[in-house]
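Examining the three-dimensional arrangement
The residues making up each chain are set out below.
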Protein chains: 2
Amino acid sequence: MQDDHLANMLRALGHPARLNILRILAERQKNCCCADVTQCLPLAQSTVSQHIKVLLEVGLIECRSQGTKNCYVVRPDALSGLQGAFGDLTGELLGAKQE
Amino acid sequence: MQDDHLANMLRALGHPARLNILRILAERQKNCCCADVTQCLPLAQSTVSQHIKVLLEVGLIECRSQGTKNCYVVRPDALSGLQGAFGDLTGELLGAKQE
DNA sequence: TTCATTCATCGTCAAACACCGATATAAGCC
DNA sequence: GGCTTATATCGGTGTTTGACGATGAATGAA
């Protein structure tokens, strides 16, 4: 994974509200729309929508329109890709230290 | 780890220059001062110093003054703590999805 | 058609970020 | 005391972020 992309994903995760949103989406899998998330957080709907947009843009979640509402779901492939890249990074940082 | 702290650490990693700085520090272990890092990057010394400050503030690196120069080193304990918290997070997000 | 629901987007504002050059500050050397 | 080196910090500038309310667009129900 490119450094820029890794940094973008980490930056996207670098806000407590977005961590919460991801957890909410993972928990309520497939039946969670923007309004549901907003109910769980002390934020305005427009603010939640912006946070969701950030997560969409880096590909960590995707949108599945279902009738009148949009269901957001975590993308496992993106998450495991990130997991791998993050593992490489920490391995590099820790590994180089003890050599 | 608190969500806020995790988010702060991820945000600190969420910039390509800081990822580079960490790699440089890990590679040149114990003999890397601010000027050395600056030589490796297309940034001014003051900018590099600020990036280093961000990494210091979240505890990912520490400063060991050696004579006239400051040597910065990656903190393996902080990194493995982050590794653990990140693993918990992705596990939670991925695990909840396939249950 | 009219109304309600859901959501994205717009405009705005204050705060934070990223970058720079310039200026301290502090330590070691001559 | 002066000089160099290494670094932090200051002041400034332009960009981005995070938040909000308000508005628009799309869908489905009455």
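The structure contained in this document is the topic of the report that follows.

1. Describing the overall build of chain A
- When you go through chain A residue by residue, the secondary structure sums to 5 helices and 2 strands.
- Tracing chain A from N to C terminus, the helices and strands come up as α-α-α-α-β-β-α.
- Reported as C-alpha extents along the three principal axes, the dimensions of chain A are approximately 55 × 25 × 20 Å.
- Each of the 99 residues in chain A was classed as buried or not, and the buried ones make up 46%.
- Expressed as a percentage of contacts within chain A between residues at least 6 apart in sequence, the contacts between residues at least 24 apart total 47%.

2. Observations regarding the side chain of Arg23 of chain A
- Looking at the element boundaries, Arg23 of chain A is found in helix α2 (residues 16-27).
- On the accessibility criterion, Arg23 of chain A (18% relative accessible area) is buried.
- A distance of 3.0 Å separates the side chain of Arg23 of chain A from the side chain of Asp3 of chain B, its partner in a polar contact.
- For Arg23 of chain A, the residues in contact, after removing those within four places along its chain, are Asp3, Leu89, Glu92 and Leu93 of chain B.

3. Comments concerning helix α2 (residues 16-27) of chain B
- Over its 12 residues, α2 of chain B extends 17 Å from the first C-alpha to the last, a length consistent with the 16 Å expected when each residue adds 1.5 Å.
- With 9 of its 12 residues buried, α2 of chain B lies for the most part within the structure.

4. Here we look at the protein's contact with DNA strand C
- The local shell around DNA strand C holds 21 residues, among which Cys33, Ser49 and Tyr72 of chain A together with Thr47 and His51 of chain B are the closest.
- Taking the atoms of DNA strand C that fall within 4 Å of the protein, sugar and phosphate contribute 64% of them.
- Ser49 of chain A is positioned such that a nitrogen or oxygen atom in its side chain is 2.6 Å from a phosphate oxygen of DNA strand C.
- Side-chain polar atom of Ser46 of chain B to a base oxygen of DNA strand C: 3.1 Å apart, as the coordinates give it.

5. Some words on the relation of the copies chain A and chain B
- For the pair chain A and chain B, the best superposition has an RMSD of 0.0 Å and corresponds to a rotation of 180° with a translation of 0.0 Å parallel to the axis. Taken together, the rotation angle and the small translation identify this as a two-fold axis.
- Looking at chain A, 100% of its interface residues are interface residues in chain B too, so the copies touch through the same face.

6. A look at the pairing of strand β1 (residues 61-66) of chain A
Residue and element names in this part refer to chain A.
- When β1 meets strand β2 (residues 69-74), the two strands line up antiparallel, connected through 6 bridges. Residue pairing in the sheet places Ile61 in a bridge with Val74 of β2.
- Counting the residues between successive antiparallel strands, the hairpin from β1 to β2 contains 2 residues, one of them, Gly67, with a positive phi of roughly 60°.

7. Points about the environment of Ala12 of chain A
Residue and element names in this part refer to chain A.
- Mapping Ala12 onto the fold places it in helix α1 (residues 3-13).
- Of the residues examined, Ala12 reaches a relative accessible area of 0% and is grouped as buried.
- For Ala12 and Leu55, which are 43 residues apart along the polypeptide, the C-alpha to C-alpha distance reads 6.3 Å.
- Filtering out sequence-adjacent residues up to four positions away, Ala12 remains in contact with Arg18, Val54, Leu55 and Val58.

8. Some thoughts on the pattern of salt bridges
- Applying the stated criterion across every chain, the model contains 8 salt bridges over all chains.
- Here Glu92 of chain B ties to Arg23 of chain A by a salt bridge, and the two come within 3.2 Å at their closest N and O atoms. Note that Glu92 of chain B is positioned in helix α5 (residues 76-98) and Arg23 of chain A in helix α2, a pairing that runs across two chains.
- Members of the salt-bridge network, linked through shared partners, are Asp3 and Glu92 of chain A together with Arg23 of chain B.

Parameters at a glance
- Residues numbered from 1 in each chain as written.
- Chains lettered and ligands numbered in written order.
- Predicted model: local features only at pLDDT ≥ 70, side-chain atom pairs only at ≥ 80, totals over all residues.
- Heavy atoms only, no water.
- Helix = DSSP H or I, 4+ residues; strand = E, 2+ residues; numbered from the N terminus.
- Buried < 20%, exposed > 50% of the residue type's maximum accessible area, 1.4 Å probe, protein only.
- Contact = heavy atoms within 4.5 Å.
- Polar contact = N/O pair within 3.5 Å; in protein donor to acceptor, adjacent residues only side chain to side chain.
- Expected span 1.5 Å × (residues − 1).
- Near = heavy atom within 4 Å.
- Least-squares fit on C-alpha atoms with pLDDT ≥ 70 in both.
- Pairing = 2+ DSSP bridges.
- Salt bridge = Lys/Arg side-chain N within 4 Å of Asp/Glu carboxyl O.

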